[in-house]
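So you can see what is in the structure, the chains are spelled out below.
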Amino acid sequence: MTASKKKVRHAKEDPERVDKGTDEARLPNNEPLDWDELRDKVTELYLVLERINLTEYIAYLNNPRRLLWLNFGVGLVKGLGGAIGATLLLGLLVMFLKRLVLLNLPVIGGVIGEIVKLVNAHNGY
């Protein structure tokens, strides 16, 4: 059934919602509905939604231009951070390898020495 064709039933028409002829609303487990408790739950839900700024988030999603620019900026910052982080890690790795060459280890020292020479030649040192 679609929402437009759905028939709204009055409490008197729905035997699951009423207590045999009275207009008192009932929960699915046949307990009376406590309106004060329901009002408290709705108020609590409202406060949670306000705390997470749901209205601002919906406005953000409804503005495609702002969404595009913000995501573009976030992508630029992530790319720049990744490039800087990779540069620092590779620099530290080269420094570690240079110190390892100075230890004159038999097999590893020659291989590492060639790697360091290639990096230095590429950087123009």
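For every chain, the first residue of the written sequence is number 1, and numbering continues from 1 onward in sequence order. In keeping with the predicted nature of the model, local features appear solely for residues at pLDDT of at least 70, side-chain atom pairs appear and are counted solely at 80 or more, and the whole-chain, interface and lining totals rest on all residues. With hydrogens and water set aside, each side-chain value is computed from the structure's full complement of heavy atoms.

S.K.: What is the right way to look at the packing of aromatic side chains in this model?
M.R.: Two descriptors summarise a pair of aromatic rings, namely the distance from one centre to the other and the angle between the planes of the rings. Ring geometry is summarised as follows: Phe, Tyr and Trp rings, the Trp one being its six-membered ring, pair when their centres sit within 6.5 Å, and such pairs are stacked at plane angles under 30 degrees, edge-to-face over 60 and tilted between the two. Applying the stated criterion across every chain, the model contains 2 aromatic pairs. Taken together, a centroid distance of 6.2 Å and an interplanar angle of 35° make the contact between Tyr57 and Tyr60 tilted. In this pair, Tyr57 and Tyr60 are both assigned in helix H2 (residues 54–61), 3 residues apart and thus about one turn of the helix distant. Accessibility here uses a 1.4 Å probe with only protein chains present; expressed as a share of the type maximum, an area under 20% marks a residue as buried, one over 50% as exposed, and anything in between as partly exposed. Owing to a relative accessible area of 45%, Tyr57 belongs among the partly exposed residues under this scheme. Segments assigned H or I by DSSP are reported as helices when at least four residues long, segments assigned E as strands when at least two residues long, and all are numbered from the N terminus.

S.K.: Can you help me understand the UniProt feature "transmembrane region" (unreviewed entry) in the chain in this one?
M.R.: The sites that UniProt annotates as "transmembrane region" (unreviewed entry) are residues 68–97. In the segment residues 68–97, helix accounts for 100% and strand for 0%; the C-alpha atoms at its two ends are 43 Å apart. UniProt positions are given in the numbering used here, feature names are shortened, and annotations may be inferred rather than shown by experiment.

S.K.: What is the right way to read the pattern of salt bridges from this model?
M.R.: In a structure, side chains of opposite charge can pair up when their charged atoms sit close to one another. Only one rule defines a salt bridge in this text: a Lys or Arg side-chain nitrogen within 4 Å of an Asp or Glu carboxyl oxygen. Here the structure, examined in full by the defined rule, presents 2 salt bridges. Asp36 is the salt-bridge partner of Arg39, the closest N and O atoms lying 2.9 Å from each other. Here Arg39 and its partner Asp36 are both found in helix H1 (residues 35–51), 3 residues apart, which amounts to about one turn of the helix. One salt bridge in this structure joins Lys117 and Glu114, with 4.0 Å as the shortest N-O distance. Of this pair, Lys117 and Glu114 both sit in helix H4 (residues 106–123), separated by 3 residues, roughly a single helical turn.

S.K.: Would you explain a negative patch on the surface in this entry?
M.R.: Note that patches include only residues with greater than 30% relative accessible area and no salt bridge, and the join distances are 9 Å for like charges and 5 Å for nonpolar side chains (Val, Leu, Ile, Met, Phe, Trp, Tyr). Here the open area of atoms and residues is found with the Shrake-Rupley method and a 1.4 Å probe, where only the protein chains shown may cover a residue. Neither His nor the chain ends is counted toward charge; the positive residues are Lys and Arg and the negative residues Asp and Glu. To locate a charge, take atom NZ for lysine, CZ for arginine, CG for aspartate or CD for glutamate. The grouping of Asp34, Glu37, Asp40 and Glu44 at the surface amounts to a negative patch. The class of Glu37 is partly exposed, set by a relative accessible area of 47%.

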